[in-house]
Amino acid sequence: MNKRLILASASPRRRELLSQIGYEFEVRTSDAEEITTEKEPAFVVEELSKIKARAVWETLTEVEKQECLVIGADTVVSVKAEEKAIILGKPKDEEEAGKMLRMLSGRTHQVYTGVTLFSMEEGKEKTESFHEGTDVEFCELTDEEIWDYIRTKDPMDKAGSYGIQGAFAKHIKGINGDYFNVVGLPVSHLYHALESK
C-alpha cells in the first residue's frame with residue numbers, strides 16, 4: 001500500500017482499529033448529508049459510506065488525488081420485525097436509546113458495516129464498495145440494566161445504542177462473524193482490499 005490514507009470518519013473506534021492493524025493515516029470528515037433511498041441494510045451502509053468518502057475525495061486537489069486513498073465507512077444495526085428489517089442508527093435521545101435496547105433484548109440481530117475506497121489508478125478515478133454482516137445475540141435485559149447503561153452516555157453515539165467493546169460486553173450472549181465489524185470496521189476485509197491496491 002503506497003498511497004497516503006485518509007479516513008473519512010470522526011469515529012474514534014474506526015481510528016483505533018485502523019491504527020491497530022498498522023496503518024498511518026489522517027482524518028478528514030465531511031458534513032455531507034447522509035440520505036439514502038436504499039432499504040436493504042447492506043446497500044444502505046455501502047451507499048452511506050460512499051457519500052462520506054466522496055465528500056472528502058471532492059475536497060482534494062488533483063495532486064492529492066493521485067497520492068491519496070480515501071476510506072469511508074458506515075455502520076447500522078438491523079433487526080427483523082414482522083418479516084422486515086428495521087434499521088437502527090444512532091439514537092437521537094435517551095428515550096430512543098431505551099426503545100432500541102428493548103427491541104434488541106433477548107434477540108439476535110445483524111450489524112452491517114459498509115466501506116468505500118476512493119483512489120486514482122492509471123489516471124482514472126476508482127471506487128470500490130463492500131460490506132460485512134455480523135450476527136449479534138443479546139441476553140435478556142431488564143429495564144434497570146437498560147437505564148444503568150443509558151446513564152453512562154455510552155449508547156448515544158453508537159448504531160443500535162450499544163458498543164460491544166465497552167461495559168455493554170456483559171450483555172452479549174454471542175456473535176457469529178467479524179467482531180471488529182461490530183466495533184465499526186471489518187479490518188480483515190479492508191486490509192486485503194488495501195493491499196491489493
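To be clear, the structure that these remarks concern was listed above.
Calculation rules
- Residues numbered from 1 in each chain as written.
- Predicted model: local features only at pLDDT ≥ 70, side-chain atom pairs only at ≥ 80, totals over all residues.
- Heavy atoms only, no water.
- Buried < 20%, exposed > 50% of the residue type's maximum accessible area, 1.4 Å probe, protein only.
- Helix = DSSP H or I, 4+ residues; strand = E, 2+ residues; numbered from the N terminus.
- Arc of directions from axis to C-beta.
- Contact = heavy atoms within 4.5 Å.
- Polar contact = N/O pair within 3.5 Å; in protein donor to acceptor, adjacent residues only side chain to side chain.
- Salt bridge = Lys/Arg side-chain N within 4 Å of Asp/Glu carboxyl O.
- Pairing = 2+ DSSP bridges.

(A) How the structure looks around helix α1 (residues 12-20). Among all positions of α1, only R13, R14, L17 and L18 are buried. Projected onto a plane normal to the axis of α1, the buried residues spread over an arc of 130° and lie on a single side. In α1, those exposed residues whose orientation departs by more than 90 degrees from the buried face are E16 and Q20. Those residues of α1 hidden inside the fold are in contact with β1 (4-7), β2 (25-27), α2 (41-57), β3 (68-81), α6 (179-183) and α7 (187-195). Measuring from the side-chain oxygen of the N-cap residue of α1 to the backbone nitrogen of R13 gives 3.2 Å; that N-cap residue is S11.

(B) Just the pattern of salt bridges, in detail. Going through the model one piece at a time under the given rule, you end up with 17 salt bridges. The shortest N-O distance in the salt bridge between D157 and R13 comes to 3.5 Å. Here D157 is found in the loop between α5 (143-150) and β7 (172-176), whereas its partner R13 is found in helix α1, with 144 residues between them in sequence. Of the residues examined, D157 reaches a relative accessible area of 34% and is grouped as partly exposed. In this structure, K126 engages E121 in a salt bridge whose closest nitrogen and oxygen atoms are separated by 3.9 Å. On the basis of relative accessible area, K126 is assigned to the partly exposed category, the value being 35%. Taking relative accessible area as the criterion, E121 reaches 30% and is therefore assigned partly exposed. A single salt-bridge network, built from bridges that share partners, covers R4, E26, R28, E64 and E67.

(C) The arrangement of the side chain of N181 in detail. Residue position: N181 is located in helix α6. When its relative accessible area of 0% is taken as the criterion, N181 is described as buried. Within the structure, the side chain of N181 is placed 3.2 Å from the backbone oxygen of E132, a separation counted as a polar contact. N181 has contacts with T75, V111, Y112, T113, E132, G133, T134 and P186, leaving out every residue within four places of it along the chain.

(D) Fine view of the pairing of strand β6 (residues 124-138). Of the strand pairs in this sheet, strand β5 (residues 108-121) and β6 are connected by 14 bridges, and their pairing is antiparallel. Each bridged residue has a counterpart across the sheet, and for S119 the counterpart in β6 is K126. In this structure, the hairpin formed by β5 and β6 is closed by a connection of 2 residues, where E122 is found at a positive phi of approximately 50°. With 4 bridges connecting them, β6 and β7 associate as antiparallel partners.

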